[in-house]
Amino acid sequence: LLASLTSLHGYAQYSMDFGVSLGASNYLGEIGGNTGEAKPFLMDMKLKQTSFGIGGFYRYNFTRSVAAKLTINYARISGADSLSNEPTRIARNLSFRTDLLEFSLLGEFTFFSFNDMSRRSKSRVDFSTYVTAGVGILMYYPYAQHDGKWYYLRPLATEGIENVYDETAIVIPFGLGANFTFNRKMRLGFEMVYRFTNTDYLDDVSTDYAYDSELPFEESAIFANRSAEAYARGNADLPNQDFYRPGARRGNPDGNDGYLFAQVSLSYYISKGNSFGRSRYKSVISRRKKRTKF
């Protein structure tokens, strides 16, 4: 892809950049939140559940307004019902930590740009804002802790062996971003993108409490229903414990989980105008000029 784009468009005025990103990650699903709904609204994300994310990317600008970006991101999301103010969630008492590895292809459309913001300065600073959307592949691995040890939840089949889920999912990113480009060499960006997925198991919670006969291991029973631990603390404000019996509602299968990335990025801008770009585009430009003259 890189070779073909360079040969076809290297002589044009548009450019490319590659870089790294660092930021925060959070999730929206069944665990945590302050509402009684199994799927809270986006604004109900718990700041205490915020974790980290890192990544890398390569972006190619087809025009001044349209670009494509290949990304790879590693992030962690987490949640705990103990952080909620909602009694039904506190009594359920579930928690998780999931590592995410995402590969995505996104398109970007710049809807506002301001060339050379620092006209009184010797350094040139360009500014642009854009919307972005795309598609990707996600690999996710939910864990939970018991007695100081972390257990991988997928093989434990905490909602019964008939509800075992895949380790991969489709992800649909959608969001906004902004860039400051300095002297057409370095680019500092900020991006906030929500990821829709086709899975409801980022947090290992989706359907109903399983019966003992549906659980394959002893550890499965520990993580399938942890409400007894909450009631053992002696909180008098919790609902009737029968709400957490086998067959009762554990999650909400009517909606899938999602997660949010807020990232700052730094990238190197490649164009005809700098030494890196000139050394690579010179031969392409020369060959085209010779053909035209001939």
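Residues numbered from 1 in each chain as written. Predicted model: local features only at pLDDT ≥ 70, side-chain atom pairs only at ≥ 80, totals over all residues. Heavy atoms only, no water.

Peer 1: Which parts of the structure should I look at to understand the pattern of salt bridges?
Peer 2: When the charged atoms of two side chains lie near each other, side chains of opposite charge can form a pair. Evaluated as defined, the whole model comprises 11 salt bridges. Here Asp17 ties to Arg59 by a salt bridge, and the two come within 2.8 Å at their closest N and O atoms. Of the two residues, Asp17 sits in strand E1 (residues 16–28) while Arg59 sits in strand E2 (residues 51–61), which places them 42 residues apart along the sequence. Each member of the pair, Asp17 together with Arg59, is buried. Linking Arg187 and Asp17 is a salt bridge whose minimum nitrogen-to-oxygen distance equals 3.4 Å. Taken together, the residues span a long stretch of sequence, with Arg187 in strand E8 (residues 186–197) and Asp17 in strand E1 at a distance of 170 residues. Residue classification places Asp17 among the buried positions, given a relative accessible area of 0%. A single salt-bridge network, built from bridges that share partners, covers Asp17, Arg59, Lys69, Glu108, Arg187 and Glu191. (Salt bridge = Lys/Arg side-chain N within 4 Å of Asp/Glu carboxyl O. Helix = DSSP H or I, 4+ residues; strand = E, 2+ residues; numbered from the N terminus. Buried < 20%, exposed > 50% of the residue type's maximum accessible area, 1.4 Å probe, protein only.)

Peer 1: Could you clarify how one ought to interpret the environment of Thr50 in this entry?
Peer 2: Residue placement: Thr50 occurs in the loop between E1 and E2. A relative accessible area of 37% places Thr50 in the partly exposed class. Taking the C-alpha atoms as reference, Thr50 lies 6.5 Å from Ala24; in sequence the two are 26 residues apart. Once residues lying within four places of it in the same chain are set aside, the contact partners of Thr50 are Ala24, Ser25 and Asn26. Looking at Thr50, its side chain comes within polar contact range of the side chain of Asn26, at 3.0 Å. (Contact = heavy atoms within 4.5 Å. Polar contact = N/O pair within 3.5 Å; in protein donor to acceptor, adjacent residues only side chain to side chain.)

Peer 1: How do you make sense of a nonpolar patch on the surface when you look at a structure like this?
Peer 2: A contiguous nonpolar patch, built from Val20, Phe180, Phe182, Met186, Leu188, Phe190, Met192, Val264 and Leu266 and spanning about 750 Å² of accessible area, is present on the exposed surface. Counting residues per element, the ones that place at least two in the nonpolar patch are strand E7 (168–182), E8 and strand E9 (258–270). By residue number, the principal contributor to the nonpolar patch is E8, which donates four residues. Inspection of the secondary structure assignment puts Val264 in strand E9. Its relative accessible area of 43% is what places Val264 among the partly exposed residues. (Patch = residues over 30% accessible without salt bridge, like charges linked within 9 Å, V, L, I, M, F, W, Y side chains within 5 Å. Areas by Shrake-Rupley, 256 points an atom, 1.4 Å probe, with all protein chains shown as cover.)

Peer 1: Please clarify how the nonpolar core should be interpreted in this entry.
Peer 2: As a rule of thumb, nonpolar side chains are buried together in soluble globular proteins. If you look at the biggest cluster of nonpolar residues, it comprises 21 residues, and the most contacted ones within it are Ile77, Leu100, Leu138, Tyr140, Leu202 and Tyr259. Those elements that place two or more of their residues in this core are strand E3 (66–80), strand E4 (95–114), strand E5 (125–146), E7 and E9. Ranked by residues supplied to this core, first place goes to E5 with three residues. Setting aside anything within four residues of it in sequence, one finds Ile77 in contact with Ser25, Asn26, Tyr27, Phe96, Arg97, Thr98, Leu100, Leu202 and Tyr259. Grouped together as the second largest cluster of nonpolar side chains are seven residues, Tyr209, Leu238, Tyr244 and Ala248 included. (Core = buried A, V, L, I, M, F, W, Y, C linked by side-chain atoms within 4.5 Å.)

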